[in-house]
Amino acid sequence: MTLLSVRNLRKHFPVRKGVLARVVAQVKAVDDVSFDIAPGETLGLVGESGCGKTTAGRSLLRLIEPTSGEVRFRGEDVRAASGSKLRSLRRHMQIIFQDPYASLNPRMSVADIVGEGLRVHGLVKGRRELEDAVRDLLLKVRLDPAYVNRYPHEFSGGQRQRIGIARALSLRPDFIVCDEAVSALDVSIQAQIINLLMDLRDEFGMAYLFVAHDLSVVRHISHRVAVMYLGKIVESAPTAELFAEPKHPYTQALLSAVPRADPTRRAERVLLEGDVPSPLRPPPGCAFHTRCPVAMAHCRTEVPPERRVSDGHTYMCHLEPHEAPGGRSTG
Ligand code: SF4
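Rules used in this analysis
- Residues numbered from 1 in each chain as written.
- Predicted model: local features only at pLDDT ≥ 70, side-chain atom pairs only at ≥ 80, totals over all residues.
- Heavy atoms only, no water.
- Core = buried A, V, L, I, M, F, W, Y, C linked by side-chain atoms within 4.5 Å.
- Buried < 20%, exposed > 50% of the residue type's maximum accessible area, 1.4 Å probe, protein only.
- Helix = DSSP H or I, 4+ residues; strand = E, 2+ residues; numbered from the N terminus.
- Domains from an automatic or database assignment.
- Contact = heavy atoms within 4.5 Å.
- Pairing = 2+ DSSP bridges.
- Axes fitted to C-alpha atoms, helices over the stretch in contact; angles between N-to-C directions.

A. Structural detail: the nonpolar core. By size, the foremost hydrophobic cluster in this structure holds 58 residues, and its most contacted members are L197, F210 and L215. Here the element with the most residues in this core is helix α6 (residues 187-204); it accounts for six residues. Counting the residues that make up this core, at least three belong to each of domain 1 (4-238) and domain 2 (239-331). Apart from the residues lying within four places of it in its own chain, the contact partners of F210 are T42, L43, G44, L45, C178, V182, I194, L197, V217, V218 and I221. Counting 30 residues, the second largest nonpolar core, distinct from the first, contains F35, A56, V177 and A207.

Given below as C-alpha cells:
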C-alpha cells in the first residue's frame, strides 16, 4: 500500500538576467525524482548540501511549487489541489524544519505556536481547551506541560525542536517531512530527537521523509534510503542493504566517511575531490563523473542507465552490479 507516490518530480529555478529579466538558464534543483512511501514507513533522503533534497521535500507539500511531475497523497493529486482541498491535505502532511531557532515565532507563546493548527482547523473551542490540548502534546514530546505559556527564547535548541515536533504532531498527520530536523543539534541531542521521532512513529503510525546530509543520522530511523546527487536519486535501497552493499560510487564515498561500530574493520576512506558542481551547469553524461574515483571515458558523455540489484535496490551507473567497486558489510 502506498501513502505517498512521487513520479518524475522536477523543480527548476529560472535564472534571469538584464533589465528585461530574460530567463537565461535553469537551475535543475530537483530533476526527475520518483519514489513511494508506505504508511508508517521512513525514507531517508541523503546527499551533500545543494543536491536538491530539501527542495524535493518542500515541493511535496507545495511550500515550493514543483515545475512538473506528480505527487499523490492517499491517492489525491496534491499538485491539482487548491482551497479547502489543499488545506485538508496539508493537515495530514506536516514538516519539521532544520533551524529550531528560526522556525518558531519569538513573539508567540508555546500554546499559540503548538496550538495554531488546532485553532485554524477549528479543533478546539476556547483558550482553555487549546492549552489543555497543547499540554498533552508537550507530554508526548517529553516537555514539561507547565511550559505552555513560555516563549521560544526560554528554551534550548533541543527543546525548541521538541516544540516544532509538537506543532507538527498537533493535527495528527499521516506524513511528516523532517527537513534536516536534527542537523543543527549537538550529537547527543540528535540521538534523543531521533529516538523521540521513532517512538512517535510507533505510537501514531506516521510516515516520514527524513532529509539529512549525513548517512549515519538516517541509518537508525530509516527503513529505506535514497541518495541524491545534483537533483537526481542515484541509489535507493532498504537501509541494511544500502549499508552492506552500496553499488553507486557516490554512496560508497559517503559511506566510507561513516564511523563503524567495530573500528578493527576499517573501510578504505574514499575522498571525494572538489565540491559538488553547480546545478546551473551539471556535468554531461554521468553528473558524478568529475568526482568519481572509477569514472570511465564514456561516463563523460553517456547518461548512465538505472540498474536493479534486487527488489527495491536500484542505482544509476555504467558499472554492472558485479563490477561496482567493493561494498562493505554492516559494522
Ligand atoms: Fe562513476 Fe561512471 Fe558510474 Fe558515474 S557512471 S558513478 S562516473 S562509474
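B. Geometry of the sheet that holds strand β5 (residues 76-77). Read across the sheet, four strands follow the order β2-β1-β4-β5 without closing on themselves; strand pairing throughout is antiparallel. Two strands in the sheet have a free side with no partner beyond their single neighbour: β2 (22-37) and β5. Pairing of strand β1 (residues 4-17) with strand β4 (residues 68-73) involves five bridges; the strand directions are antiparallel. Across the sheet, residue L4 finds its bridge partner in β4, namely F73. Sitting on the sheet, helix α1 (residues 53-60) touches β1, β2 and β4, and the angle it makes with β1 is about 115 degrees.

C. Geometry of the pairing of strand β3 (residues 42-46). Buried residues dominate β3, accounting for five of its five residues. The alternating pattern of β3 places T42, G44 and V46 on one face and L43 and L45 on the opposite face, and all of these are buried. Two strands pair when backbone bridges link them, and β3 and strand β8 (residues 207-212) are joined in this way by five bridges, in the parallel orientation. Note that in β8 the partner of V46 across the bridge is A212. Both β3 and strand β9 (residues 224-229) contribute to a ladder of four bridges, which runs parallel. Residue pairing across strands places L45 opposite A226, the latter belonging to β9.

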